[in-house]
Amino acid sequence: MTDSLLDSLHSAVPELRLKTDAGDLEHYGRDWTRRWTPNPLAIALPGSVEEVQAVMRWASEHAVKVVPSGGRTGLSGGAVAANGELVLSLERLNKPLSFDRVDRTLTVQAGMPLEAVHNAAREEGLEYPVDFAARGSCSIGGNIATNAGGIRVIRYGNTREWIAGLKVVTADGELLDLNRALVKNSSGYDIRQLMIGSEGTLGIVVEATLRLTDPPPPTNVMLLALTSFEALMEVFAAFRERLQLEAFEFFTDIALKHVLAHGAVKPFDEVHPYYVVTEFATGDEAKEAAAMAAFEACMEAGWVADGVISQSDAQAQQLWRLREGITESLAPHVPYKNDVSVRISRMPAFLEETQKLLGEAYPQFEVVWFGHIGDGNLHINVLKPADMAQADFVRDCEQVTKLLAQALKAHEGSISAEHGIGLVKKNYLDSTRGPAEIALMRGIRQAMDPAGLLNPGKLFDA
Ligand code: 2HG
Ligand code: ZN
């Protein structure tokens with residue numbers, strides 16, 4: 001069956017590069033979640049948009065399910081192929097295509113890594129401002145598929161804000177040219193925006209035209225040691241009032257312990273329960289004075305016990321590593337990840353409730369809190385004890401996620417702030433979206449991919 005299918009694919013798209021070795025099937029069949037056993041049919045690596053279209057025409061004809069694949073750094077199982085799907089990797093479509101100085105746009109192929117996008121923008125003296133730790137290996141197409149957020153959302157917003165146009169291959173192999181980088185376009189439904197965050201279930205993004213912006217101002221990075229969890233939102237308010245924040249991120253002593261064990265440099269002699277790393281615009285005396293005033297106000301109020309401000313780019317990077325290195329340092333512990341958000345104004349009440357809830361629910365596990373506090377987005381990672389079976393661990397964690405989902409519903413939050421629903425969170429979609437909205441989402445999927453070929457089982461079943 002497999003051989004005859006692949007023979008027919010080969011006849012339909014003769015130049016298509018295909019991989020079928022066991023090692024490749026495993027490598028391309030999974031993302032950073034390690035919960036599913038990869039089991040793809042094969043890996044297709046098209047070298048052109050026309051080949052992507054031809055593969056989808058073939059998939060439609062033969063009812064073959066397809067998992068679009070970027071850098072596979074996703075944390076929700078969105079790029080997992082565990083049920084004999086064809087993985088369609090955009091890896092070879094990884095080039096910048098054009099830059100327009102008047103429009104201030106950069107058009108790139110979907111498989112281009114985020115860091116390469118940053119560099120291409122900087123070569124033109126401009127900035128693509130969405131940024132996060134996986135920048136070296138994630139792809140812009142994957143960022144679009146999850147509406148990725150990251151560490152600069154507080155200043156620049158999510159990926160959605162920066163997509164001026166998209167080229168998308170549909171389930172039956174048509175090519176859509178969406179919005180064509182228009183700033184104003186009041187001509188009906190904006191399918192470009194619908195594609196952003198659709199997790200590969202509505203179409204395959206093959207090209208993106210990205211909006212660029214001015215280079216960021218000179219900045220300073222400050223690391224703060226906080227005395228209590230309650231201080232967190234107070235410190236945020238004190239800094240936001242006085243400074244133009246580029247980032248405001250938090251993590252706990254347990255997160256710090258893991259990053260230090262992974263080679264980061266210890267920032268303070270003493271251990272403190274909570275930390276904030278913040279980056280803000282500087283460059284003149286008034287801004288420097290404002291930063292000192294924010295720091296001193298927090299010290300005086302008893303919210304901050306210690307602090308360090310970067311004196312060089314190298315030190316800024318060292319401080320950032322304490323936050324950006326967390327995910328990698330936790331990976332060996334196969335964490336169960338929560339990626340939740342509430343409105344910023346709801347954060348204090350939600351934090352208090354969640355801390356109590358998880359403290360009671362998880363006495364037996366190590367729980368690591370960190371995240372984009374300035375966006376109302378928390379990452380709560382539960383670490384698997386080495387001697388516990390993965391299935392038992394996930395089952396225990398799911399019980400707690402049910403409670404977390406209830407709390408989120410009460411606080412009108414989201415079960416997935418920026419990682420996507422994928423396979424991991426689909427049972428909780430209804431904590432964030434109402435029944436009528438989910439029915440509409442299903443209807444849209446049905447209209448755009450009636451045979452359910454694209455990324456099946458992600459977001460919702462069928
Ligand atoms: C981050 O903010 C990423 O570092 C990963 O979104 C979060 O590992 C996580 O849970
Ligand atoms: Zn994050």
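### Observations regarding the site of ligand 1
Ligand 1 sits among L75, R323, T327, K337, F370, H372, H379, N381, E418 and H419. At 2.6 Å from an oxygen atom of ligand 1 is found a side-chain nitrogen or oxygen belonging to K337. Within the contact set of ligand 1, an oxygen atom lies 2.7 Å away from a side-chain nitrogen or oxygen of H419. Burial of ligand 1 by the protein amounts to 89% of the accessible area it has alone, namely 300 Å². Broken down by secondary-structure element, the contributors of at least two residues to the shell around ligand 1 are β15 (366–372) and β16 (377–383). Looking at side-chain class alone, the shell around ligand 1 contains two nonpolar, five polar and three charged residues.

### Section: the domain arrangement of the chain
Frequently, the measure chosen for interface size is the accessible area that the parts lose on association. Along its sequence, the chain is organised into domain 1 (2–92), domain 2 (96–211), domain 3 (219–327) and domain 4 (334–444). Opposite the nine residues of domain 2 that make contact, domain 3 presents ten residues. For the domain 2 and domain 3 pair, buried surface summed over both sides reaches about 780 Å², with 46% attributable to carbon and sulfur atoms. On the domain 2 side of the interface with domain 3, the three residues burying the most area are I151, R152 and I154, jointly 63% of the side's total. Our count for the domain 2 to domain 3 interface comes out at three salt bridges. Between E246 and R155 there is a salt bridge, with its nearest N and O atoms 2.7 Å apart. On the surface where domain 2 and domain 3 come into contact, there are four residue pairs in polar contact (both at pLDDT 80 or more). When grouped by side-chain class, the residues that make up the side of domain 2 that touches domain 3 number five nonpolar, one polar and three charged.

### Some remarks on the sheet that holds strand β4 (residues 86–89)
The four strands are arranged β1-β2-β4-β3 in an open sheet whose pairing can be described as mixed. A strand with exactly one partner marks an edge of an open sheet, and here the two such strands are β1 (17–19) and β3 (66–69). Direction aside, the axes of adjacent strands within the sheet are offset by 25° on average. Pairing analysis gives three bridges linking β1 to strand β2 (residues 42–45), with the strands arranged antiparallel. Bridging across to β2, R17 finds its partner in L45. The strands that helix α3 (residues 49–62) touches are β3 and β4; relative to β4, the one it contacts most, it runs at about 165°.

Scoring rules and cut-offs
Residues numbered from 1 in each chain as written. Chains lettered and ligands numbered in written order. Predicted model: local features only at pLDDT ≥ 70, side-chain atom pairs only at ≥ 80, totals over all residues. Heavy atoms only, no water. Near = heavy atom within 4 Å. Polar contact = N/O pair within 3.5 Å; in protein donor to acceptor, adjacent residues only side chain to side chain. Areas by Shrake-Rupley, 256 points an atom, 1.4 Å probe, with all protein chains shown as cover. Helix = DSSP H or I, 4+ residues; strand = E, 2+ residues; numbered from the N terminus. Nonpolar A, V, L, I, M, F, W, Y, C, P; charged D, E, K, R; others polar. Domains from an automatic or database assignment. Contact = heavy atoms within 4.5 Å. Buried area = accessible area lost by both parts, 1.4 Å probe. Salt bridge = Lys/Arg side-chain N within 4 Å of Asp/Glu carboxyl O. Pairing = 2+ DSSP bridges. Axes fitted to C-alpha atoms, helices over the stretch in contact; angles between N-to-C directions.

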